[in-house]
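Single-letter residue listing:
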Amino acid sequence: MPPDTPGRRWRRLACAAWLLLGSAAGAAAWAAAPPAGQYLTEGGWGRLTVTAREGAPWMSLRTSGPNGHGCGLDGPINPQGLVRVAPEPGAPACTVRLRTTGVPGELEVTPLEPEACRGWCGARAGGFDGLYRRAAPGCTLPERQRARQAFQRHYEARDYAQAGAALGPVLARCAAALPPLEAAWIRNDLALAQLKGGSRAGCRQLLQPLAERAAQPEAQVRNELPPADAQAWLRVLRATRTNLALCAE
């Protein structure tokens, strides 16, 4: 082994200081991130909302799974990006790690104690883990709800062009992050606005992605999906069949 010299000792100390500084900088960077806002999974099954409480970052996480079952977890985000929540003092805690991936606006969520986290989920829920991306403008859940309300007001006032203008951007901008059932209802609403506005072709175009599924026998839908999901999908598929027929007349 080479002899320990003052220069070698200095380089070791400098290296240790650099690693410590890098670690501290990483923790500080996470403490300032992620930016407040809503983050959504592809397909809309997960929704992570970052806010601030008493100056500290706070996470609210909701996911949905088959048959109406889902998960929910709320808690403070520590400087290392961990959220640790116990149902009661002394009980096993669910610890979830949030990590930036290097892709702007993207977070990776990973439960560190999956079994402890199961207590925060329904029986058929899939869990929390996945990639969550910052919602595009107009795509957070409250913004989508406001767009649906605006659509309804304009539609009832028979201003079909304004109704389409209120809701159309949700389908255009948010398609990847929309739950499939929500996207199907939006397509039906916009199709009716097109029909009422005098465009049968526009109506058919909006419903075309749903046509094949709408043509399935209802028994097949019930066999393929859990009961609550089947009932929800049958409602939108019946509406789709009716609207396709209206658009074709």
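Caption draft 1: Here's a closer look at the nonpolar core. Within the largest apolar cluster, 32 residues are counted, with the highest numbers of intra-cluster contacts made by Phe 151, Leu 167, Val 170, Leu 178, Ile 186 and Leu 190. Mapped by element, the contributors of at least two residues to this core are helix H3 (141-156), helix H4 (160-174), helix H5 (180-196), helix H6 (200-214) and helix H8 (227-248). For this core, the element with the highest residue contribution is H5, accounting for 7 residues. What Phe 151 contacts, discounting residues up to four positions off in sequence, is Ala 163, Gly 164, Ala 166, Leu 167, Asp 189, Leu 190 and Ala 193. The next biggest cluster of nonpolar side chains, apart from the first, holds 19 residues, and it includes Leu 61, Val 83, Val 85 and Val 109.

Caption draft 2: Looking closely at the environment of Ala 214. With respect to the secondary-structure elements, Ala 214 resides in helix H6. Using a relative accessible area of 2% as the deciding quantity, one classes Ala 214 as buried. Not counting residues up to four positions away in its chain, the partners in contact with Ala 214 are Leu 237, Thr 240 and Arg 241.

Caption draft 3: Main features of the pairing of strand S1 (residues 37-40). In this structure, S1 lies alongside strand S2 (residues 46-53), joined through 4 bridges in antiparallel fashion. Its bridge partner being in S2, Gly 37 is matched across the sheet by Val 50. Connecting S1 to the next strand, S2, in antiparallel fashion are 5 residues, including Gly 43 with a positive phi near 85°. Where S1 meets strand S8 (residues 130-134), 2 bridges bridge the pair, whose relative direction is antiparallel. Within S8, the position partnered with Leu 40 by the bridge is Arg 133.

Here is what the cut-offs are and how they apply
- Residues numbered from 1 in each chain as written.
- Predicted model: local features only at pLDDT ≥ 70, side-chain atom pairs only at ≥ 80, totals over all residues.
- Heavy atoms only, no water.
- Core = buried A, V, L, I, M, F, W, Y, C linked by side-chain atoms within 4.5 Å.
- Buried < 20%, exposed > 50% of the residue type's maximum accessible area, 1.4 Å probe, protein only.
- Helix = DSSP H or I, 4+ residues; strand = E, 2+ residues; numbered from the N terminus.
- Contact = heavy atoms within 4.5 Å.
- Pairing = 2+ DSSP bridges.

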